[in-house]
Amino acid sequence: MKLKIAVLAGDGIGPEVTAEATAVLRAVAAAGGHTFEYIELPVGGTAITNFGTPLPDKTLQESLACDAVLMGAVGDNKFNALPPSERPEAGLLKIRKELGGFANLRPSVAYPALAENSPLRAEVTKDVDILFVRELLGGLYFGEPRWWDKEKKLAHNTMVYSADEVTRVAKVAFELAQKRKKKVTSVDKANVLEVSQLWRATVDEVAKGYPDVKLEHQLVDSMAIHLMNIPRNFDVVLTENLFGDILSDESGVITGSLGMLPSATIGGKVNLYEPVHGSAPDIAGTGKANPLGAILTAAMVLRHSGNLEAEAKAIEDSVTAVLDKGLRTADIARGAAFVKTGEMGKAVLDELNTRLK
Ligand code: NAD
């Protein structure tokens, strides 16, 4: 298997965690005889410093010519005085838009070894393994017209979806569910919103093509409660843009640390993979960054761009194994002894190499 990967490490802890993510990818390539090519490209604050823009055209064009884009994180306090359109984060927003992915995948997994890190009781988080599939290009965040009339003290946003937009993201959810526990929970507010009624009717239609997958509908308000009470009841959770933004963040409490969460955005010209966390300037350069979110993001690259399911699973199992052995970075150590970023990465790599043999 050949894979050309654009590596946009970015700012702060971005390069620190991305180095650990590419190390596991290199191990998978070496063990399986795969050819993975890495093209390192500037983005964010680093790109502003060296090229005067958060997303140089070369970064965008070369990324578009790759099979996958692996991001670290962007953001640097020294650019805080710049207008939003010139700040490091503008580079991230632009590349997300240009790559055009419409389905944002965010796993929310409970690791038994980290049960005490979640504010939820261990018996509630036990066996939780949810995959959020959030529609990313439509709904309230992009709907027109949108305006704020400050004199009239009135503002307006538009929630709009076409059946085609719902169909394409629903298909992603059902296809992923077929490879998991074969259940899709579609979230809407169909008791109030016409957009949600269209959403529900369209998802029902798509479901007919996947008779092996069980479909249930949940209203977004009750879903927010179920996620905290009975999260293990869910497998794939399909949502529109705004509801998915809120619910996937809420479910972050199940895993217990921002540094543990991976994500992928698929369906566009090139898939984009990034840990959920930001550049964490407060801990950059201290060795306190947890690389596991970035390493789990590398597993998603293999699963969704390389079709290498066994290798993706080997990375995820290696992460579980190092946690079971008691290894902790500062964010998940709960005041106890912790290892540095590179030591955590090396421990996962050692586990992985045994599994890949
Ligand atoms: P952040 O995610 O960078 O950090 C929030 C808190 O979590 C901090 O205390 C940080 O130390 C901790 N944290 C984050 N990732 C961690 C990790 N891997 N290991 C251990 N601890 C970790 O969010 P923020 O502080 O709100 O933002 C910092 C900068 O990052 C800002 O410039 C922001 O705009 C940017 N940002 C970028 C992205 C992205 O690139 N995708 C996402 C969010 C924020």
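In this text, all values refer to a predicted model and were calculated from it rather than measured experimentally.

Conventions and cut-offs
Residues numbered from 1 in each chain as written. Predicted model: local features only at pLDDT ≥ 70, side-chain atom pairs only at ≥ 80, totals over all residues. Heavy atoms only, no water. Axes fitted to C-alpha atoms, helices over the stretch in contact; angles between N-to-C directions. Helix = DSSP H or I, 4+ residues; strand = E, 2+ residues; numbered from the N terminus. Parallel < 35°, antiparallel > 145°, perpendicular 65-115°, else oblique. Left-handed = near helix turned anticlockwise from the far one by under 90°. Contact = heavy atoms within 4.5 Å. Nonpolar A, V, L, I, M, F, W, Y, C, P; charged D, E, K, R; others polar. 1 Å grid on protein atoms, 1.4 Å probe; cavity = no way out; pocket = protein on both sides within 12 Å on 5 of 7 lines; lining within 4 Å. Points joined across faces, edges and corners; volume = space filled by probe spheres on them. Domains from an automatic or database assignment.

(A) Fine view of the packing of helix α11 (residues 292-304) against helix α12 (residues 309-324). It is the contact of α11 with α12, at a shortest axis distance of 7 Å, that shows an interaxial angle of 160 degrees. Regarding the angle of α11 to α12, the classification is roughly antiparallel. In this structure, α11 meets α12 at a crossing whose hand is left-handed. Residues L292, I295, L296, A299, L302 and R303 of α11 form the contact with α12, whose participating residues are E309, E311, A312, K313, I315, E316, V319 and L323. A breakdown of the residues in the contact of α11 with α12 according to their chemical character gives 9 nonpolar, no polar and 5 charged.

(B) Inspection of empty space enclosed by the protein at higher detail. By the definition in use, this model includes 1 cavity of 30 Å³ or more. Put simply, the largest cavity is a space of about 40 Å³. Around the largest cavity, the lining residues are R106, P107, S108, F132, S248, S251, G252, L261, P262 and V276. The greatest single-element share of the lining of the largest cavity, amounting to 3 residues, is contributed by strand β4 (residues 103-109). Its residues placed into classes, the lining of the largest cavity shows 5 nonpolar, 4 polar and 1 charged. Split by domain, the residues of the lining of the largest cavity number at least three in each of domain 1 (1-109 + 258-357) and domain 2 (119-255).

Without other data, these values stay purely geometric and don't point to any function.
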